[in-house]
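# Notes for the structure review
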Amino acid sequence: MCQCRVRLRPYRLRRRGGPPFSSLNLPRLAGPDYPATVAIARSALHDVLFRAAEELGASITLGTTVASLNETSGTVEVEFSDGERGAYDFVVGCDGFHSTVRKLAFSDVPEASFTGLAVWRATMPRHRDVDSMQMFYGPNTKAGVNPHSATRCSCFWSSRSATATGCRRTRCTCCWPSSFGFQRDGDVACAPMGERPAKVDYRPMNSFLLPSPWHRGRVAVIGDAAHTTTPHLATGAGIAIEDAVVLAELLAADLSVAELLEQFMARRFDRCRLVVETAVKLGEMEKDTTIPIQSHFDLMSATFRKLAEPI
Ligand SMILES: Cc1cc2nc3c(=O)[nH]c(=O)nc-3n(C[C@H](O)[C@H](O)[C@H](O)COP(=O)(O)OP(=O)(O)OC[C@H]3O[C@@H](n4cnc5c(N)ncnc54)[C@H](O)[C@@H]3O)c2cc1C
């Protein structure tokens, strides 16, 4: 087993300063000996995927991107930014929320919606008590820690934000130079002590669902390019990977591109919509302090039970 992955106990939920008041026992889909979820640093996941792709003989070219797509009878001609060209039966864009493939192939894409929430994230040394994902609920704000290796954990703090823009790194008015600050919506907030500014990530939470189908002709988009969820269910990467697994399964079957895409949408759309829409709903619940926190977990549990169904 890769040393970077961590077995997680059930999620634990706390009120500010209090003991756990609830936990989320997720279904162990791979069997009783395997954890329901694993946390992994993005860089470690990249290593795992890159190694596996190389071992399988995939041809990988870095440092270039798609410049144009042109579909003619049965083929997509692709021009790359380094001047290379190629002709392909089928093109799949897995290029994230700001997808260039989507921009090139789709003319009718709805705007993403800003949820009014934003999240600060950083990784930090892992305290021995951090043995599971733990979330701390306060009025209008939520914080959490999530171990992703034997020695490191990620932490986050989310709150309301008036604007969908990023934030500016600046000198903290109260404790510079021992710490630093971020300026957002006119306010300056301190960053965690000991973390370098470049390692703190601030992100407005956006939600986006491309209406079905996620293809135009022989060009398709999957993952965040088709469905970008807020992190409320911590499942965006999970459903992006599922997209790839289902697509690979269908590509191995003897199907035409049209049949493949039809079956792909039938298996993926409602499931991804469930994640995107439930995550938005959880964000709305977070903003309404009259809603008991237990209701958040009831909705999360019900959604994870649904997501435990076969893909
Ligand atoms: C704050 C936050 C917390 C999250 N927490 C979780 C979590 O706990 N669990 C979870 O499962 N998900 C989580 N997610 C969601 C998860 O990060 C995404 O759903 C996932 O990364 C989507 O994978 P992707 O491969 O589709 O897109 P991305 O991860 O965005 O990857 C796209 C790739 O394409 C590359 N690219 C972009 N444009 C081009 C181009 N023009 N040419 C070539 N390459 C290009 C990018 O460099 C990038 O490598 C979180 C998201 C956010 C914002």
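Source: prediction; values computed, not measured.

Here Arg-271 lies in helix H4 (residues 257–287). Once residues within four sequence positions are removed from consideration, Arg-271 is found in contact with Glu-242, Lys-306, Leu-307, Glu-309 and Ile-311.

Taken together, Phe-50, Ile-60 and Leu-62 make up a surface patch of nonpolar side chains, about 290 Å² in accessible area. Following the sequence through the fold, Leu-62 ends up in the loop between helix H1 (42–55) and strand S5 (66–72).

Here we take up the pattern of salt bridges. Pairs may arise between side chains of opposite charge once their charged atoms sit close together. All chains considered together, the criterion is met by 12 salt bridges. Among the ionic pairs, Asp-108 bridges to Arg-216, the shortest N-O distance being 3.2 Å. On the criterion of sequence distance, the pair formed by Asp-108 in the loop between helix H2 (100–105) and strand S9 (113–125) and Arg-216 in strand S17 (residues 215–216) is long-range, its members being 108 residues apart. The exposure class of Asp-108 is partly exposed, given its relative accessible area of 46%. Through salt bridges that share partners, Glu-242, Asp-243, Arg-268 and Arg-271 make up one connected network.

Another point: the environment of Glu-286. One can find Glu-286 in helix H4. For Glu-286, a relative accessible area of 13% corresponds to the buried category. Considering only alpha carbons, one finds Glu-286 and Leu-117, 169 residues apart in sequence, at a separation of 9.4 Å. Excluding residues within four positions of it along the chain, Glu-286 makes contact with Leu-117, Asn-140, Lys-142, Ser-158, His-232 and His-296.

Another point: the site of the ligand. Residues in contact with the ligand amount to 18 residues; listed here are only the nearest, Arg-42, Thr-65, Asp-224, Gly-236 and Ala-237. The backbone of Ala-237 places a nitrogen or oxygen atom 2.9 Å from an oxygen atom of the ligand. Contact with the protein chains removes 61% of the 1,000 Å² of surface that the ligand exposes when unbound. Listed by contribution, the elements that provide at least two residues to the shell around the ligand are S9 and helix H3 (236–252). Examining the composition of the shell around the ligand, we find that 4 residues originate from one element, H3, more than from any other. The residue makeup of the shell around the ligand, split by class, is 6 nonpolar, 7 polar and 5 charged.

This next bit is on the packing of H4 against helix H5 (residues 293–307). At a closest axis distance of 10 Å, the pairing of H4 and H5 adopts a crossing angle of 175 degrees. As the angle between them shows, H4 and H5 are arranged roughly antiparallel. Only Ser-295, His-296, Leu-299, Met-300, Thr-303, Lys-306 and Leu-307 of H5 make contact with H4, whose side of the interface consists of Arg-271, Leu-274, Val-275, Thr-278, Lys-281, Leu-282, Met-285 and Glu-286. Split into classes, the residues belonging to the contact of H4 with H5 amount to 7 nonpolar, 4 polar and 4 charged.

Here the focus is the pairing of strand S6 (residues 75–80). For a regular strand, side chains alternate in direction, first toward one face of the sheet and then toward the other. Pairing of S5 with S6 involves 6 bridges; the strand directions are antiparallel. When the bridges of S6 are listed, Ser-68 appears paired with Glu-79. What sits between S5 and S6 in their antiparallel hairpin is a turn of 2 residues, with Gly-74 showing a positive phi close to 75 degrees. Once S6 ends, the chain turns through 4 residues before running back antiparallel as strand S7 (residues 85–88), passing Gly-83 with a positive phi of about 95 degrees.

How each quantity is defined
Residues numbered from 1 in each chain as written. Predicted model: local features only at pLDDT ≥ 70, side-chain atom pairs only at ≥ 80, totals over all residues. Heavy atoms only, no water. Helix = DSSP H or I, 4+ residues; strand = E, 2+ residues; numbered from the N terminus. Contact = heavy atoms within 4.5 Å. Patch = residues over 30% accessible without salt bridge, like charges linked within 9 Å, V, L, I, M, F, W, Y side chains within 5 Å. Areas by Shrake-Rupley, 256 points an atom, 1.4 Å probe, with all protein chains shown as cover. Salt bridge = Lys/Arg side-chain N within 4 Å of Asp/Glu carboxyl O. Buried < 20%, exposed > 50% of the residue type's maximum accessible area, 1.4 Å probe, protein only. Near = heavy atom within 4 Å. Polar contact = N/O pair within 3.5 Å; in protein donor to acceptor, adjacent residues only side chain to side chain. Nonpolar A, V, L, I, M, F, W, Y, C, P; charged D, E, K, R; others polar. Axes fitted to C-alpha atoms, helices over the stretch in contact; angles between N-to-C directions. Parallel < 35°, antiparallel > 145°, perpendicular 65-115°, else oblique. Pairing = 2+ DSSP bridges.

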